[in-house]
Amino acid sequence: MSTVEKSPGSAMSRGRKLHGPREARPGLWGGLALSCASIVFCLLVGEAVVRFLDPLTSSRPFLFNLATGHRTQNPVNSPVMRYDATLGHEPVGGAAGTLMGQPVSFSADGMRNHNLPAPPAGEPPILAVGDSFTEGWAVKDDDAWPAYLARDTGRRVLNAGVRGYGLDQMVLRAERLAPRFKPQAIILAFIEDDMNRAGLAARHAVHKPYFRPSGDGLELHNVPVPTTPVSGPLDPARRILGYSYLLDFIMRQLGGYDLWYGDSIKTDVDTNLLSCRLMQRFAALAKREEAQGVVVAFRNDLTGVDTREAARLRWRITAVLACARDAGLTALDTHDGFAAAGADRESGAFYFDRHFTARGNALAAKLIASTLEGARVPVEGLTEKQGVGKQ
């Protein structure tokens, strides 16, 4: 047996040479390298495809960090916006600039300008509060829906919409402006996401005011609004991985917004209850000011939204509008009006970057004008059941 073990030509000896670690190692490392190269190639192809298909790629630098850069896009960082201790942020009076390539300017009172003929003197104005849909995202001053509403009604319309606002900030801004301008009507226009924003103490890494239900009412918190930075333990990883459009796309599809961006602080308040209470607070304001209170739910761009998610959005909006009606407010759901006008078939004609185009704003204004007391604004092809008229 010792002779067999020592024999260099034995089968056992040859087996050790054929299957020893030194012979197998180059093949193993080569396979790992090939696998890694394949993975990297697939990731690069995916990155290139996502960058090519993303319509906003051309408006961003090639090396733009989507995770941390998302924070730099907060409203306060805009030169036409400023910090406000109660609202979080508001327009700078008299400021002018561009937004998505379109000119934007504000009056000395912080309202978005309209270059329209002056309405008859002495008539009370219409005050419009809301988010970027109301301010007018990526459209000219005269193409925001309040400007179209001024044309449709012949009345002075104050565009007090502010980008980034939640439902809570809209009500607070209305409470600030209504006693000053004594409007005939106050229009609060919102989208479903504004309800979520009301449940945040910080958004886009910027602090904001928020409410908590208290008894039968609401209690205001975070005022004066803090100016301290908003950061988290995963920020170093975001600074490295945030340049990937592919990873950004995957995280958004998975709904991992908080993990990916890390720029929000939730209050864990029931936003459905909170939104209903805000309708009651808004109704109390309208009553105090002897103004018609109008709540308008804008229809989101539903491109790529599955049926279940669309139904969830509709349920939440319907619930808020029901609360508005119960509080004595005029409520308008624009969903059916936009559907009847062909928004599902021609999304690009009504929406750009998830906001209204000039055509979308014009339609929204006609739907709103038809809800105002004493309005006689016909909207061709639409009926009350499709979202036009007092509800």
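Our structure's up above, just so we're on the same page.
1. Comments concerning the sheet that holds strand β9 (residues 206–207)
Read across the open sheet, the 3 strands follow the order β9-β8-β12; overall the sheet is antiparallel. The open sheet is flanked by β9 and β12 (265–266), the only strands paired with a single partner. The sheet contact formed by strand β8 (residues 200–203) and β9 spans 2 bridges and is antiparallel. Bridged to A202 within β9 is H207.

2. A short note on helix α10 (residues 245–253)
Every buried residue belonging to α10 is among Y245, L246, D248 and M251, and all of these are buried. The opening residue of α10 is S244, an N-cap whose side-chain oxygen sits 3.3 Å from the backbone nitrogen of L246. G255 lies just past α10 and shows a positive phi near 75°.

3. Considering the packing of aromatic side chains
Going through the model one piece at a time under the given rule, you end up with 8 aromatic pairs. Here F133 and F356 contribute two aromatic rings whose centre-to-centre distance is 4.9 Å and whose plane-to-plane angle is 90°, an arrangement assigned as edge-to-face. Taken together, the residues span a long stretch of sequence, with F133 in helix α5 (residues 132–135) and F356 in strand β16 (residues 355–356) at a distance of 223 residues. For F133, a relative accessible area of 3% gives the class buried.

What counts and what doesn't
- Residues numbered from 1 in each chain as written.
- Predicted model: local features only at pLDDT ≥ 70, side-chain atom pairs only at ≥ 80, totals over all residues.
- Heavy atoms only, no water.
- Pairing = 2+ DSSP bridges.
- Helix = DSSP H or I, 4+ residues; strand = E, 2+ residues; numbered from the N terminus.
- Buried < 20%, exposed > 50% of the residue type's maximum accessible area, 1.4 Å probe, protein only.
- Polar contact = N/O pair within 3.5 Å; in protein donor to acceptor, adjacent residues only side chain to side chain.
- Phe/Tyr/Trp six-rings, centres within 6.5 Å; stacked < 30°, edge-to-face > 60°.

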